[in-house]
Amino acid sequence: EAGSLLLALDDAELRADRREAELQYTQAQAQVNLAENAMGKVDDGEQQARSGLAEAQSYYNRFSGRLLFKRIASEAAQGMTKARDGLVQVGIARGQVWEMQEQSQQQLHFAHATRQIARHRYNLTHAVKAPAAGLLASLGPQPGEYVKAGDVVGEIVETDYLRLPVWLTAQQGKAVGA
């Protein structure tokens, strides 16, 4: 039958390549996930810094003109400075995490391509399948022998097509396209 297995090749190296490619893909995906989680934490830190800045600004605006609350206003000004410094640090962290995301995405794309190639090589080369239906008359290679592309590995006879000698008149030949 067409597509039937004729030979199973020693595919240990191909399986190892495929496993390694799968592992690299899994690791790259984990790096992408870590980068995404880190960016989420950066976003949270930015939100906290902005909230702290708004709160400190509010205290400062409320108490800065009052002589009795000068200490509170001073502390609010210090809080605003710390919050602004925090926003600067968040900006730096965002840039670093963005770089990490870009690198991990590139690694993921490369690992995906490598995985696809390894799967394709394995699917193409770990077995020799019958190209057509018929009876297998001979099978050449023995276990342990090497074969390469283009080597004849077997002979298929008695395919599904049957040739019969038929005598037709000229008119019948025209009718069947002979």
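Residues numbered from 1 in each chain as written. Predicted model: local features only at pLDDT ≥ 70, side-chain atom pairs only at ≥ 80, totals over all residues. Heavy atoms only, no water.

Comments concerning the pattern of salt bridges
- The tally for this structure, following the rule as stated, stands at seven salt bridges.
- The partner of Glu22 in a salt bridge is Arg115, with the nearest N and O atoms 3.7 Å apart. With a gap of 93 residues between them, Glu22 in helix H1 (residues 12–63) and Arg115 in helix H2 (residues 70–125) connect regions that are remote in the sequence.
- Shared partners join several salt bridges into a network, and the residues in it are Asp43, Glu46, Arg50 and Arg94. (Salt bridge = Lys/Arg side-chain N within 4 Å of Asp/Glu carboxyl O. Helix = DSSP H or I, 4+ residues; strand = E, 2+ residues; numbered from the N terminus.)

Describing the packing of H1 against H2
- At a closest axis distance of 6 Å, the pairing of H1 and H2 adopts a crossing angle of 165°. For the element pair H1 / H2, the angle class is roughly antiparallel. Viewed along their axes, H1 and H2 form a crossing whose handedness is left-handed.
- Tallied by class, residues from the contact of H1 with H2 come to 32 nonpolar, 15 polar and 13 charged. (Axes fitted to C-alpha atoms, helices over the stretch in contact; angles between N-to-C directions. Parallel < 35°, antiparallel > 145°, perpendicular 65-115°, else oblique. Left-handed = near helix turned anticlockwise from the far one by under 90°. Nonpolar A, V, L, I, M, F, W, Y, C, P; charged D, E, K, R; others polar.)

Some points on the packing of aromatic side chains
- This structure, assessed with the given rule, holds one aromatic pair.
- With a centroid separation of 6.2 Å and 15° between ring planes, the pair formed by Tyr59 and Phe63 is classed as stacked. Within this pair, Tyr59 and its partner Phe63 are both found in helix H1, separated by four residues, close to a single helical turn.
- The aromatic ring of Tyr25 is capped on one face by Arg115, whose charged end is 3.7 Å from the ring centroid. (Phe/Tyr/Trp six-rings, centres within 6.5 Å; stacked < 30°, edge-to-face > 60°. Lys NZ or Arg CZ within 6 Å of the ring centre and 35° of its normal.)

Looking at the side chain of Ser104
- Among the secondary structure elements, Ser104 is positioned in helix H2.
- Contacts of Ser104, omitting those with residues within four sequence positions, involve Ala28, Gln31, Val32 and Ala35. (Contact = heavy atoms within 4.5 Å.)

Examining the nonpolar core
- The biggest cluster of nonpolar side chains holds six residues, and these are Ala49, Leu53, Ala56, Met80, Ala83 and Leu87.
- At the level of secondary structure, the elements contributing two or more residues to this core comprise H1 and H2.
- Residues contacting Ala56, with those up to four places away along its chain left out, are Ala76, Gly79 and Met80.
- Counting residues in hydrophobic clusters, the runner-up holds five residues, among them Tyr25, Val32, Leu108 and Ala111. (Core = buried A, V, L, I, M, F, W, Y, C linked by side-chain atoms within 4.5 Å. Buried < 20%, exposed > 50% of the residue type's maximum accessible area, 1.4 Å probe, protein only.)

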